[in-house]
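One-letter residues, chain by chain:
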Amino acid sequence: MLWDGYYGNQASQAGQRAKTLKLGPIGDEQDARLGASGYNGEPGAVTQTRVGTTLLWTMESAAHKGDIDEDSVRDLATMLAKRSQQAQNGNEPSAALNG
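Read on for an overview of the structure. Bear in mind that the values here come from a model prediction, so they are computed numbers and not experimental data.

## A short note on the sheet that holds strand S2 (residues 29-36)
Strand order across the open sheet formed by 4 strands is S1-S2-S3-S4, with antiparallel pairing between neighbours. Whereas interior strands pair on both sides, the edge strands pair on one side only; in this sheet they are strand S1 (19-20) and strand S4 (54-61). Taken together, the 2 bridges between S1 and S2 define a ladder with antiparallel strand orientation. Pairing of Lys19 across the sheet is with Leu34, part of S2. Along the sheet face, helix H2 (residues 70-88) touches S1, S2, strand S3 (43-51) and S4 and points at about 155° away from the line of S4.

## Some thoughts on the pairing of S4
In the sheet, S3 pairs with S4 via 8 bridges, with the strands oriented antiparallel. Note on S4: the bridge partner recorded for Thr49 is Leu56. Connecting S3 to the antiparallel partner S4 that follows it, the hairpin turn spans 2 residues, and Gly52 within it adopts a positive phi of roughly 55°.

## Some thoughts on the nonpolar core
With 13 residues, the main nonpolar core has Leu21, Leu23 and Leu34 as its most contacted residues. Counting residues per element, this core draws most heavily on H2, at 3 residues.

## Some thoughts on the environment of Glu29
Positionally, Glu29 belongs in strand S2. Between the C-alpha atoms of Glu29 and Arg50, which are 21 residues apart in sequence, the distance is 5.1 Å.

## Looking at the side chain of Glu60
Considering the arrangement of structural elements, one finds Glu60 in strand S4. Setting aside anything within four residues of it in sequence, one finds Glu60 in contact with Pro43, Gly44, Ala45, Ile68, Ser72, Val73 and Leu76.

## Concerning the environment of Glu70
Along the chain, Glu70 turns up in helix H2. When the C-alpha positions of Glu70 and Lys22 are compared, they lie 8.7 Å apart, and in sequence the two are 48 residues distant. Not counting the four nearest positions on each side in its chain, Glu70 is found in contact with Lys19, Leu21 and Leu34.

## Concerning the environment of Thr54
Along the chain, Thr54 turns up in strand S4. Sequence separation between Thr54 and Gln88 is 34 residues, and the spatial gap between their C-alpha atoms is 9.0 Å. Ignoring sequence-local partners within four residues, the contact set of Thr54 consists of Thr49, Ser84 and Gln88. Of note is the side chain of Thr54, whose polar atom sits 2.7 Å from the side chain of Ser84.

What counts and what doesn't
Residues numbered from 1 in each chain as written. Predicted model: local features only at pLDDT ≥ 70, side-chain atom pairs only at ≥ 80, totals over all residues. Heavy atoms only, no water. Pairing = 2+ DSSP bridges. Helix = DSSP H or I, 4+ residues; strand = E, 2+ residues; numbered from the N terminus. Contact = heavy atoms within 4.5 Å. Axes fitted to C-alpha atoms, helices over the stretch in contact; angles between N-to-C directions. Core = buried A, V, L, I, M, F, W, Y, C linked by side-chain atoms within 4.5 Å. Buried < 20%, exposed > 50% of the residue type's maximum accessible area, 1.4 Å probe, protein only. Polar contact = N/O pair within 3.5 Å; in protein donor to acceptor, adjacent residues only side chain to side chain.

Following this line, the structure appears as structure tokens:
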């Protein structure tokens, strides 16, 4: 779907055995991978979300297992999608991460 071209190669940043992660109902299209990307099994994730005319791409990595998880990946992607939609609607982006 969204992983064609350059970003398709970047999906491997979440590791060869990365699993698909459901982001929920954000944006017009979305896809994500979560896995172990480091030499010692450190977690990594990549997401893509299309919101109107923008394509948002994130990459997260951590030094230790447990530093990122499904919820933190979803929270970041959701916040960025909301900010993008706010800007496209002509509003000042105000969406933020909780906590």
